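Residues per chain, in single letters:
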Amino acid sequence: MSNVLAVLEQRDGAIRKVSYEVVTGARRLADALGGGAGVDALILATGPVQGADQLGRFGADRVVTLTNVAFGRYAPEGYARAIADGVNAGGYGVVVFAASATGKDLAPRVAARLGRPLVQDITDVTAAAGAVIATRPVYAGKALLRVRVAGSPVMLSLRPNVFTPVQRPKAGAQESASVDGSAGRVIVTQIKAAPAGTLDVAEAPIVVSGGRGLKDPANFKVLEALAAAFAGRAAVGASRAVVDAGWRPHADQVGQTGKTVSPTLYVAVGISGAIQHLAGMRTSKVIVAINKDKDAPIFKVADYGIVGDLFEVVPRLTEEIRKLHG
Amino acid sequence: MKIAVCIKRVPDSETRVKIASDGKSLDEAGVKFILNPYDEFAVEEGLRLKEKAGTGEVVVIALGPAAAQETIRTALAMGADRGVLLQTQGLHPDGLETAKALAAELKGAGFDVILLGKMAIDDYNHQVGPMVAELLDLPCVTTVTHLEIVGGKGTAEREIEGGVEVVAFPLPAVLTTDKGLNEPRYPALKGIMAAKKKPLEVKPTAPGPGALEILSLTLPPERQAGKIVGEGPAAVAELVRLLREEAKVL
């Protein structure tokens, strides 16, 4: 069996957390395929990357860092060319990306260069009789599509927060090679960073989302305080209604025309639970709803609900969470 | 400026999904179809680019069934100049085959900008735009939330986790649009009347079979109806206990 290639991401010279998930998913698939399939991890950077030495713990047999002065920031064309060349040279049977902002941009480019289909944003993967079978949410999670991929290499991207990193120690042998070539025609000239510590709703392990029940954009400070109480593990999300009203940025929207999230804990505050919103968060591991309307549809999908005035309930919750993280 | 906008006919986002009897597709009975919301941003941006340039053409191209003519008419009513339907029997799950069919239509047509929504809200493939770009060997920026084009060069912004990437690129280019880029206009009555007379060419198209075989389309497991822990702030202590001891997420 040919090996599995895990394409990883770094930012500012450090491995991104989602990359450990990619190695975990790649390892799981390699084991399912059997025949001693190995996992190679691939990093593109300007030099040594912090965290690369940890990848063996999650199941990487080999860690290859391709260096180029143009690889500090994401360089769509330069990355795609280097990865496609690497896949061809290595004869990989499967290539796994993260379905992150970068991965969702990069994976289709590499797939098109290789003339191969791409199964994007998968939530499960198995092997049967040597063929890869992947599951992905469609219609914003209202349905699950299972597909079998014919031929090789199989191109996949993994939805963030689904493939929880698992310790699976392997050699993690480090290699490095410099590659030629330019960044390409498309150049990332700048990254405007969000305020330090801001997590993206698609990647945060905890999401606290607000809807029309907040009544006023200024009231989101109540949710921001709750998110802050989780000590850097929570992001603030929003329903379509409040994004369309201009209360919150588009990047925070959870739902069918926003982001689909799968955090460990999703707290829906003042959100009634329109079908397009439920579609975006129903794969969360645990859902808590706080709403004054006991008949709100959100309670039908919530594991735990509190019926009440969010302006009374949320501050109390914030207090209790702060005590835990005291 | 010559602009192409690739669009798709998709089920409305409020659709309740029912699985067809083959167990592999959507039961379309009673489903309302709309112009893919992310493609609306693409159509709007195309119209604005043409308006700003003061001259040019906006061509909308859809791959889909005969009924997608209606979707094209929606874009024409917004202000696009003409439409092309690459008419197929059913759609394939393999985004690369869609990209190949679109690229074949776009190739050599001299478009300065090719716009697509970042993804369709039905199949969630999220890949056709950059694939079209690769097949045509054009620069591409995906999930664009801000765009400026001046004299054959563009600057775009796209959201990444924890920030915004600012990206420079030359024209011609392929761009995929995200929510936040613009506010799509509603077709005015005059536009709707005019759209009926705009050219709409139908070309029978047969995308390749692709390499993805659909095994099943199923509804996700129903979430167990949870419990109401209680009412008001008094219930918070119990909620936190349950989250720690029962759900084990704190």
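The structure displayed is predicted, hence computed values, not measured ones. Along each chain, residue indices are assigned from 1 in the same order as the chain's sequence is written. Throughout, the order in which chains and ligands are written sets their labels, letters from A for the former and numbers from 1 for the latter. For this predicted model, a pLDDT threshold of at least 70 governs which residues receive local features, and a threshold of 80 or more governs which side-chain atom pairs are given and counted, while totals over whole chains, interfaces and linings are taken from all residues. Think of the side-chain values as coming from all heavy atoms in the structure, minus any hydrogens and water.

A.B. asks: An account of the overall build of chain B is needed here, citing residue identities and associated values.
C.D. replies: The way it works is that DSSP assigns letters per residue, a run of H or I at least four long becomes a helix, a run of E at least two long becomes a strand, and they are numbered from the N terminus. Across its full length, chain B carries 6 helices and 13 strands. Based on the C-alpha atoms only, the size of chain B along its principal axes is roughly 65 × 45 × 40 Å. Relative accessibility thresholds used throughout: buried, under 20% of the residue-type maximum; exposed, over 50%; partly exposed, between the two (1.4 Å probe, protein chains only). Of all 250 residues assigned to chain B, the portion counted as buried reaches 56%. For chain B, the computed accessible surface area is about 10,700 Å², with 53% contributed by carbon and sulfur atoms. Under the convention used here, a 1.4 Å probe and the Shrake-Rupley method define accessible areas, while residue burial counts only the protein chains that appear.

A.B. asks: Break down empty space enclosed by the protein for me, citing the residues and quoting the values.
C.D. replies: Think of a 1 Å grid over just the protein atoms. A cavity is a set of points where a 1.4 Å probe fits yet cannot get out, a pocket is an open set with protein on both sides within 12 Å along at least five of seven lines, and lining residues have an atom within 4 Å of a point. Grid points are joined across faces, edges and corners, and a volume is the space filled by probe spheres set on the points. Taken as a whole and assessed by the stated rule, the structure comprises 5 cavities of 30 Å³ or more. In this model, the largest cavity occupies a volume close to 480 Å³. As for the largest cavity, its lining consists of 31 residues, of which Lys-104, Ala-202 and Lys-259 of chain A together with Lys-118 and His-126 of chain B are closest to the centre. Ranked by residue count, the leading element in the lining of the largest cavity is strand β8 (residues 153-160) of chain B, at 3 residues. Residue polarity is assigned by list, with Asp, Glu, Lys and Arg as charged and Ala, Val, Leu, Ile, Met, Phe, Trp, Tyr, Cys and Pro as nonpolar; anything else, Gly included, falls into the polar class. For the lining of the largest cavity, the class distribution of residues is 10 nonpolar, 10 polar and 11 charged. Note that domain bounds follow an automatic or database assignment of domains. Counting residues domain by domain, the lining of the largest cavity receives three or more from each of domain 1 (4-178) and domain 2 (206-325) of chain A. One number sums up the size of the second largest cavity: a volume of about 40 Å³.

A.B. asks: Report on the sheet that holds strand β8 (residues 124-128) of chain A, specifying residues and quantitative values.
C.D. replies: Here 4 strands make up an open sheet; going across it, the order is β8(A)-β9(A)-β10(A)-β12(B) and the pairing antiparallel. What marks the edges here is a single partner per strand, and that holds for β8 of chain A together with β12 (212-218) of chain B. Geometrically, the sheet is characterised by an average inter-axis angle of 25° between neighbouring strands, direction not taken into account. The pairing criterion is simple: DSSP has to find at least two bridges between the two strands. Where strand β9 (residues 131-138) of chain A and strand β10 (residues 143-149) of chain A come together, 7 bridges link them in antiparallel fashion. Each bridged residue has a counterpart across the sheet, and for Val-132 of chain A the counterpart in β10 of chain A is Val-149 of chain A. Packed onto the sheet, helix α1 (residues 17-33) of chain A meets β8 and β9 of chain A and runs at close to 15° relative to β8 of chain A. Angles run from 0 to 180 degrees between N-to-C directions of axes, and those axes are lines fitted to C-alpha atoms, restricted for helices to the stretch in contact. Throughout, a contact is declared for two residues whenever any of their heavy atoms are within 4.5 Å.

A.B. asks: Outline the packing of helix α4 (residues 220-229) of chain A against helix α8 (residues 310-325) of chain A, supporting the account with residue identities and numerical values.
C.D. replies: When two helices pack together, you describe them by how their axes are tilted relative to each other and by the distance separating the axes. Residues and elements named next belong to chain A. As a packed pair, α4 and α8 sit with axes 8 Å apart at the nearest point and diverge in direction by 20°. Classed by the angle they form, the pair α4 and α8 counts as roughly parallel. Of the two possible hands of crossing, α4 and α8 adopt the one that is left-handed. Note on element contacts: α8 touches α4 through Phe-311, Val-314, Pro-315, Leu-317, Thr-318, Ile-321, Arg-322 and His-325, opposite Val-222, Leu-223, Ala-225, Leu-226 and Ala-229. If an angle is under 35 degrees, it is roughly parallel; if it is over 145, roughly antiparallel; if it lies from 65 to 115, roughly perpendicular; otherwise it is oblique. Note on convention: near helix rotated counterclockwise from far helix by under a right angle means a left-handed crossing. Clockwise means right-handed.

A.B. asks: Give a description of the packing of aromatic side chains that names residues and reports values.
C.D. replies: Aromatic pairing here means that ring centres of Phe, Tyr or Trp (its six-membered ring) are within 6.5 Å. Orientation follows from the plane angle: under 30 degrees is stacked, over 60 is edge-to-face, and everything else is tilted. Counted according to the given criterion, the structure contains 4 aromatic pairs over all chains. A centroid spacing of 5.0 Å and a plane angle of 50° characterise the contact between Tyr-20 of chain A and Phe-58 of chain A, whose relative ring orientation is tilted. Placement of Tyr-20 of chain A in helix α1 and of Phe-58 of chain A in the loop between β4 (39-45) and β5 (62-67) is noted, with a sequence separation of 38 residues between them. We classify Tyr-20 of chain A as buried; its relative accessible area is 16%. You can call Phe-58 of chain A buried: its relative accessible area is 10%. Positioned above the aromatic ring of Phe-111 of chain B is the side chain of Lys-2 of chain B, whose terminal nitrogen or guanidinium carbon lies 4.9 Å from the ring centre. Only when the NZ atom of a Lys or the CZ atom of an Arg is both within 6 Å of the ring centre and within 35 degrees of the ring normal do we say a charge sits over the ring. The ring of Phe-33 of chain B is capped by Arg-9 of chain B, whose NZ or CZ atom sits 3.7 Å from the centre of that ring.

A.B. asks: Just give me the short version of the pattern of salt bridges, but keep the residues and values in it.
C.D. replies: The rule for a salt bridge is simple: a side-chain nitrogen of Lys or Arg has to be within 4 Å of a carboxyl oxygen of Asp or Glu. With the rule as written, the count across this model stands at 42 salt bridges over all chains. Put simply, Asp-31 of chain A and Arg-27 of chain A hold a salt bridge, and the shortest N to O gap is 3.2 Å. Remark: Arg-27 of chain A and Asp-31 of chain A occur in helix α1; sequence separation between them is 4 residues, near one turn of the helix. We classify Asp-31 of chain A as partly exposed; its relative accessible area is 34%. Take Arg-27 of chain A: its relative accessible area is 4%, and that puts it in the buried class. Salt-bridge contacts for Arg-223 of chain B lead to Asp-303 of chain A; the nearest nitrogen and oxygen are separated by 2.8 Å. Of this pair, Arg-223 of chain B sits in the loop between β12 and β13 (227-231) while Asp-303 of chain A is found in the loop between α7 (298-301) and β18 (304-307), placing the two residues in two different chains.

A.B. asks: Just give me the short version of the interface of chain B and chain A, but keep the residues and values in it.
C.D. replies: Across the contact, 80 residues belong to chain B and 89 residues belong to chain A. Simply put, the buried area is the total loss of 1.4 Å probe accessible area from both parts when two parts are fitted together. The contact between chain B and chain A buries some 7,400 Å² in all, and 57% of this surface belongs to carbon and sulfur atoms. Contact with chain A buries surface across chain B, with Tyr-124, Glu-161 and Arg-223 of chain B losing the most and accounting together for 12% of the total. Here chain B and chain A share 10 salt bridges between them.

A.B. asks: Describe the nonpolar core, with residues and values.
C.D. replies: Membership of the largest hydrophobic core comes to 51 residues, with the highest contact counts inside it found for Ile-83, Phe-97, Leu-106 and Val-110 of chain A together with Leu-102, Leu-106 and Ile-114 of chain B. When sequence neighbours within four positions are dropped, the list of residues in contact with Ile-114 of chain B reads Ala-4, Cys-6, Leu-106, Leu-136, Leu-138, Ala-173, Val-174 and Leu-175 of chain B. Membership of the second largest hydrophobic core comes to 45 residues, among which are Leu-8, Val-125, Tyr-139 and Leu-158 of chain A. Only buried residues count toward a nonpolar core, which is a set of Ala, Val, Leu, Ile, Met, Phe, Trp, Tyr and Cys residues joined through side-chain atoms within 4.5 Å.

A.B. asks: So what's going on with the domain arrangement of chain A? Which residues, and what values?
C.D. replies: All names here are of chain A. Each domain of chain A was delimited in the assignment, giving domain 1 (4-178) and domain 2 (206-325). Its C-alpha centre places domain 1 at a distance of 32 Å from the equivalent point of domain 2. At the junction of the two partners, domain 1 supplies 8 residues and domain 2 supplies 10 residues. Applying the counting rule to domain 1 against domain 2 returns 0 salt bridges. Polar contacts, as used here, are pairs of N or O atoms within 3.5 Å; protein pairs need one atom able to donate a hydrogen and one able to accept it. Residues neighboring in sequence count only if both atoms are side-chain atoms. There are 1 residue pair in polar contact (both at pLDDT 80 or more) connecting domain 1 and domain 2. Of the residues assigned to the side of domain 1 that touches domain 2, the class counts are 3 nonpolar, 3 polar and 2 charged.

A.B. asks: Report on the side chain of Thr-65 of chain A, specifying residues and quantitative values.
C.D. replies: All names here are of chain A. As for its placement among the helices and strands, Thr-65 is situated in strand β5. Owing to a relative accessible area of 6%, Thr-65 belongs among the buried residues under this scheme. Residue contacts for Thr-65: discarding those within four places in its chain leaves Ile-43, Ala-45, Gly-47, Glu-175, Ser-176 and Ala-177.

A.B. asks: Account for the sheet that holds strand β13 (residues 187-193) of chain A, with residues named and values stated.
C.D. replies: The 10 strands lie next to each other as β13(A)-β9(B)-β8(B)-β7(B)-β10(B)-β6(B)-β1(B)-β4(B)-β5(B)-β11(B), forming an open sheet whose pairing is mixed. Looking along the sheet, the strands with just one partner apiece sit at the ends: β13 of chain A together with β11 (200-204) of chain B. In this sheet, adjacent strand axes meet at a mean angle of 30° when their direction is disregarded. Sheet analysis places strand β1 (residues 2-7) of chain B next to strand β4 (residues 57-64) of chain B, joined by 6 bridges and oriented parallel. Looking at β4 of chain B, one finds that Cys-6 of chain B is bridged to Ile-61 of chain B. Helix α1 (residues 37-53) of chain B rests against β1, β4, β6 (113-117), β7 (140-150) and β10 (173-177) of chain B of the sheet, and its axis sits at about 155° to β6 of chain B. Set on the sheet, helix α2 (residues 68-78) of chain B makes contact with β1, β4, β5 (82-87) and β11 of chain B; between it and β5 of chain B the angle comes to about 160°.

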